[in-house]
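Architecture and fold: a report
Each chain, written out:
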Amino acid sequence: VQLYAPDAAPLHRLGRWTSGLVLCARNHHARTSLMRQWSSKEVGKRYRALAGGLPVWDEMTISAPIGPVPHALLGSLHAATSEGKPSLSQVNVLERRADSFLCDVRIATGRPHQIRIHLAAAGHPLLGDPLYLAGGQPAPDSQALPGDPGYQLHSAELSIRHPRTGHALVIECEPPEQLRPLQKVR
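Residues numbered from 1 in each chain as written. Predicted model: local features only at pLDDT ≥ 70, side-chain atom pairs only at ≥ 80, totals over all residues. Heavy atoms only, no water.

In this section: the overall build of the protein chain. The helix and strand inventory of the protein chain stands at two helices and 13 strands. For 186 residues, the compact-globule formula gives about 16 Å, and the C-alpha radius of gyration of the protein chain, at 17 Å, lands near that figure. Across its three principal axes, the protein chain shows a C-alpha extent of roughly 45 × 45 × 30 Å. The buried share of the protein chain, taken over its 186 residues, is 42%. Restricting the contact set of the protein chain to residue pairs at least 6 apart, pairs at least 24 apart contribute 59%. With an accessible surface of roughly 10,400 Å², the protein chain has 55% of that area assigned to carbon and sulfur atoms. Mean positive and mean negative side-chain charge positions of the protein chain (20 and 15 charges, respectively) differ by 8 Å. (Helix = DSSP H or I, 4+ residues; strand = E, 2+ residues; numbered from the N terminus. Rg over C-alpha atoms; globule rule 2.2 N^0.38 Å. Buried < 20%, exposed > 50% of the residue type's maximum accessible area, 1.4 Å probe, protein only. Contact = heavy atoms within 4.5 Å. Areas by Shrake-Rupley, 256 points an atom, 1.4 Å probe, with all protein chains shown as cover. Lys, Arg positive; Asp, Glu negative; His and termini not counted. Charge placed at Lys NZ, Arg CZ, Asp CG, Glu CD.)

The structure is reproduced here in structure tokens:
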């Protein structure tokens, strides 16, 4: 981004191993408008994920609170905890595979590691996630850190109002091959 648009400033960030969209603003007016949308929860966010296990449901709303919990290496990190902040994720199963499922996750809040934690809290950690276990907690005595690779997560869509015109705008990013349906959707 810096080579193409040196004046672009990111408005949010993704986890180190999460692929996909990062929204940037190129001037003060755009940044202010988009940050207002972000803080008032007007920005729609859809992610694509590959989670472990086979759920009995096709759709699920997950509202486990997320907040800091003790961690041996870091002191604390975010996980599912009753003392955490309210969090909301809507999960839709797209495809069931042998031991996993492909899903879209729309998040109304943006807590750290929210999708990883929420799917784990629902009993379906992201496939390959070295940190979060079923229940939404880090593995006890684990040496895994939040930035460790292995999980499959992609920021697929952002819905905003254009900062200048106010028109609805949907920005999409095609997921990597492993996060696309294996079967053709009719």
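Moving on, we get to helix α1 (residues 28–39). Over its 12 residues, α1 runs 16 Å from end to end, which matches the ideal 16 Å to within 8%, given 1.5 Å per residue. Within the sequence span of α1, burial applies to Ala 30, Ser 33, Leu 34, Gln 37 and Trp 38. Projected down its long axis, α1 carries its buried residues within an arc of 140 degrees, all on one side. Among the exposed residues of α1, those oriented more than 90 degrees off its buried face are His 28, Arg 36 and Ser 39. On the buried face of α1, the contacting elements are β3 (24–25), β4 (44–52) and β12 (153–161). After α1 finishes, the residue Lys 41 shows a positive phi value of roughly 60 degrees. (Expected span 1.5 Å × (residues − 1). Arc of directions from axis to C-beta.)

Another point: the pattern of salt bridges. Under the defined criterion, the tally for this structure stands at 12 salt bridges. Asp 58 is the partner of Arg 96 in a salt bridge, and the nearest nitrogen-oxygen pair spans 3.0 Å. Residue Arg 96 is found in strand β8 (residues 89–96), and its partner Asp 58 is found in the loop between β4 and β5 (59–62); the two are separated by 38 residues along the sequence. A relative accessible area of 40% places Arg 96 in the partly exposed class. Overall, the relative accessible area of 49% leaves Asp 58 in the partly exposed class. Between Arg 180 and Glu 174 there is a salt bridge whose closest N-O contact spans 3.4 Å. Residue classification places Glu 174 among the exposed positions, given a relative accessible area of 56%. Here the salt bridges do not stand alone but share partners, grouping Arg 46, Arg 48, Asp 104, Arg 106, Glu 157 and Glu 172 into one network. (Salt bridge = Lys/Arg side-chain N within 4 Å of Asp/Glu carboxyl O.)

Pairing between strand β6 (residues 66–71) and strand β7 (residues 75–80): six bridges, direction antiparallel. Residue pairing across strands places His 71 opposite Gly 75, the latter belonging to β7. Taken together, β6 and the strand that follows it, β7, pair antiparallel across an intervening segment of three residues. (Pairing = 2+ DSSP bridges.)

Our focus in this paragraph is a nonpolar patch on the surface. A contiguous nonpolar patch, built from Leu 73, Leu 74 and Leu 145 and spanning about 240 Å² of accessible area, is present on the exposed surface. With respect to the helices, strands and loops of the structure, Leu 73 is situated in the loop between β6 and β7. Residue classification places Leu 73 among the partly exposed positions, given a relative accessible area of 44%. (Patch = residues over 30% accessible without salt bridge, like charges linked within 9 Å, V, L, I, M, F, W, Y side chains within 5 Å.)

With seven of eight residues buried, helix α2 (residues 114–121) lies mostly within the body of the structure. Among the residues of α2, Gln 114, Ile 115, Arg 116, Ile 117, His 118, Leu 119 and Ala 120 are the ones counted as buried. Positive phi shows up at Gly 123, right after α2, with a value of about 90 degrees.

This part covers the environment of Ser 39. Inspection of the secondary structure puts Ser 39 in helix α1. Ser 39 sits 70 residues away from Thr 109 along the chain, and the two C-alpha atoms are 9.8 Å apart. A distance of 3.2 Å separates a polar atom in the side chain of Ser 39 from the backbone oxygen of Arg 36. (Polar contact = N/O pair within 3.5 Å; in protein donor to acceptor, adjacent residues only side chain to side chain.)

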